[in-house]
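Chain residues, written in single-letter form:
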Amino acid sequence: MLLSACGGNNGNNGNNGQSASASASDSPKPSASASAPASPASGGQVEIFSWWTGAGEEAGLKGLIGLFSAKYPEIEVINAAVAGGAGTNAKAVLASRMQGGDPPDAFQVHGGAELNTGWVAADKVIELNDLYESEGWKDKFPKDLIDLVSKDGKAYSVPVNIHRGNVAFYNKKIFDDNGLKAPTTFDEFFQVADALKAKGITPLALGDKEPWAATMVLENVLLGVLGADDYKKLWTNELSFDDAKVKQSLETFKKMLSYVNEDHAARNWQDAAQLVANGEAAMNIMGDWAKGYFTTDLKLEANTDFGWVPTPNTTGSFMVITDTFAIPKSSKNETNAKEWLKVLGSVEGQDVFNPLKGSIPARIDADISKYDVYGQSTIEDFKTAKLAPSMAHGSAAPEGFTTQANQVVNIFVTNGDVDQALKALKAAQSSSIK
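Rules used throughout
Residues numbered from 1 in each chain as written. Predicted model: local features only at pLDDT ≥ 70, side-chain atom pairs only at ≥ 80, totals over all residues. Heavy atoms only, no water. Helix = DSSP H or I, 4+ residues; strand = E, 2+ residues; numbered from the N terminus. Contact = heavy atoms within 4.5 Å. Areas by Shrake-Rupley, 256 points an atom, 1.4 Å probe, with all protein chains shown as cover. Phe/Tyr/Trp six-rings, centres within 6.5 Å; stacked < 30°, edge-to-face > 60°. Buried < 20%, exposed > 50% of the residue type's maximum accessible area, 1.4 Å probe, protein only. Lys NZ or Arg CZ within 6 Å of the ring centre and 35° of its normal. Pairing = 2+ DSSP bridges. Axes fitted to C-alpha atoms, helices over the stretch in contact; angles between N-to-C directions. Salt bridge = Lys/Arg side-chain N within 4 Å of Asp/Glu carboxyl O. Core = buried A, V, L, I, M, F, W, Y, C linked by side-chain atoms within 4.5 Å. Expected span 1.5 Å × (residues − 1). Polar contact = N/O pair within 3.5 Å; in protein donor to acceptor, adjacent residues only side chain to side chain. Parallel < 35°, antiparallel > 145°, perpendicular 65-115°, else oblique. Left-handed = near helix turned anticlockwise from the far one by under 90°.

How would you sum up the overall build of the chain? Please name residues and give values.
Regarding its fold elements, the chain presents 16 helices and 15 strands. For the chain, the proportion of contacts with a sequence separation of at least 24, taken over those separated by at least 6, is 82%. Within the structure as shown, the chain displays about 16,200 Å² of accessible surface, and the carbon and sulfur contribution to it stands at 48%.

Explain the packing of aromatic side chains residue by residue, including any values.
Enumeration according to the criterion identifies 27 aromatic pairs in this entry. For the pair Phe318 and Phe382, a centre-to-centre distance of 5.2 Å together with 75° between the ring planes defines the contact as edge-to-face. Note that Phe318 is positioned in strand 13 (residues 317-321) and Phe382 in helix 14 (residues 373-384), a separation of 64 residues in sequence. With respect to class, Phe318 is no different from Phe382; both count as buried. It is Lys197 that lies over the ring of Tyr259; its NZ or CZ is 5.1 Å from the centre.

Mind laying out the sheet that holds strand 10 (residues 202-205), listing which residues take part and the relevant values?
Read from one edge to the other, the open sheet built from 4 strands follows the order 10-11-9-12, with strand pairing classed as mixed. Edge positions in the sheet fall to strand 10 and strand 12 (306-310), since each has one partner strand and no second. Each adjacent strand pair in this sheet contributes to an overall mean axis angle of 25°, direction not counted.

Report on the pattern of salt bridges, specifying residues and quantitative values.
Scanning all chains against the criterion turns up 24 salt bridges. Asp177 serves as the salt-bridge partner of Lys173, at 2.7 Å between the closest nitrogen and oxygen. Of the two residues, Lys173 and Asp177 both sit in helix 6 (residues 172-177), 4 residues apart, roughly one turn of that helix. Just as Lys173 is exposed, Asp177 falls in that class too. A salt bridge links Asp365 to Arg363; its shortest N-O distance comes to 2.8 Å. What you see here is one network of salt bridges that share partners, running through Glu47, Arg97, Asp102 and Lys332.

Explain the pairing of strand 13 residue by residue, including any values.
Burial analysis of strand 13 places 5 of its 5 residues in the buried class, which makes it a mostly covered element. With burial as the criterion, each face of strand 13 is covered, one bearing Ser317, Met319 and Ile321 and the other bearing Phe318 and Val320.

Report on the nonpolar core, specifying residues and quantitative values.
Ranked by internal contacts, the top residues of the largest apolar core, which has 58 residues, are Phe107, Tyr132, Trp340 and Leu341. Beyond its immediate chain neighbours, meaning those up to four positions away, Tyr132 contacts Trp137, Lys138, Phe141, Ile146, Val149, Ala155, Ser157, Val158 and Pro159. Formed by 56 residues, the second largest nonpolar core is a distinct cluster that contains Tyr170, Leu196, Tyr259 and Phe412.

Give a description of helix 14 that names residues and reports values.
Spanning 12 residues, helix 14 covers 18 Å between terminal C-alpha atoms, matching the ideal 16 Å at 1.5 Å per step. Where the residues of helix 14 are buried, they touch strand 8 (163-164), strand 9 (167-171), helix 11 (289-297), strand 12, strand 13 and strand 15 (386-389). One side-chain oxygen of the residue at the start of helix 14 lies 3.1 Å from the amide nitrogen of Tyr374, identifying that residue as Asp372.

Can you explain the packing of helix 9 (residues 244-257) against helix 15 (residues 399-415)? Please cite residues and give values.
Orientation of helix 9 relative to helix 15, taken along the N-to-C sense of each, is 55°, at an axis distance of 10 Å. Judged by the inter-axis angle, helix 9 sits oblique to helix 15. Helix-helix and strand crossings are classified by hand; for helix 9 and helix 15 the assignment is right-handed. Within the contact between the two elements, helix 9 uses Leu250, Phe253, Lys254 and Leu257 and helix 15 uses Val409, Phe412 and Val413.

Hey, could you go over the sheet that holds strand 13 for me, with residue numbers and the actual values?
Sheet architecture is open: 3 strands sit in the order 8-13-15, paired in mixed fashion. The open sheet is flanked by strand 8 and strand 15, the only strands paired with a single partner. Relative to strand 15, strand 13 runs parallel, the two being bridged by 4 bridges. Of the residues in strand 15, the one forming a bridge with Met319 is Ala388. Sitting on the sheet, helix 14 is in contact with strand 8, strand 13 and strand 15, with an inclination near 105° to strand 13.

This is how it looks when you write it as structure tokens:
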């Protein structure tokens, strides 16, 4: 119960909920050095369902499609991506298609609870132990990651990346011009925020048009106050949401919200990240798909134009989010879908995708030289940090809890009622976490 999947996007195509369907012809053309075609496949099509439609993720997906098409030129790739941050719209479309007997051939799914208490428990996806054996993945992915995408010893999805969710990105020029150091504790955060506010600078950019972005800030505060071990106890009923430290977390979260941009409810996560990129705000707490947005879309340079630190009090912890793909039992092109999973689980596939997406590879044997200073430092942090599952992105708790938590946070951001939020979160824990 350690990991999950990420971010989605919303910028120019964010909340419209439109399907971004395209064939392999829309993907980048493979270079002359692309891999030679693999063993002959049956031809036909493979429909790939995701919410990767903007920021670095769209470029990463197109890179994967280009790689796949170079290996399997006889298979047409249907890119059935649906826009909407964190898969908000895509999950609803996917559920409708699965219920209606029209599933895609492979689909993006958050690992952990979303995969296992959702699609696996409903007996809607095939098990993939044969693929893990044939591709030698059992010693290429970290054991904790394999455990996340498995139930009762059977693997049901393939991870393509690992994101970090406890990152505070900041505008280096703002910090340098004001003689400030990036905060690593809550005390430092509020000192820096006060100094920035006094200069008329928005300290913390937030875009919670979709409430998961604010929920991410709360889960990071919980991680900072509780520590990784106690944070994980929230998801096993070993620690109650009416604990005094949870109340302290909500009070801290409320104080942090007093430093955000006034138009936060009208912005999505990309809009908030852009405030930092443009120098209109100093910091943004977001998963490191924001890093992919900074470098791939906005062409900013890591550690020059923007910097990063773990969110307050979480140094040594790693809020893990992972993107994985599963195959429906009723897939029309299961053989081709397995070939797709082989590509995204390969070293080559992961090293094409992740430098663009802003994430790090799920494999332990990827080529670290292909990653920038952010990627290399995050790869090293992942090796030693205490891992914590993201609730906002589906791995820590069942979907029912996350849905309720988003509603609680949405109300809390507006009214700041700590006791009301505690009561509601406790009720959600009692009803959803068994």
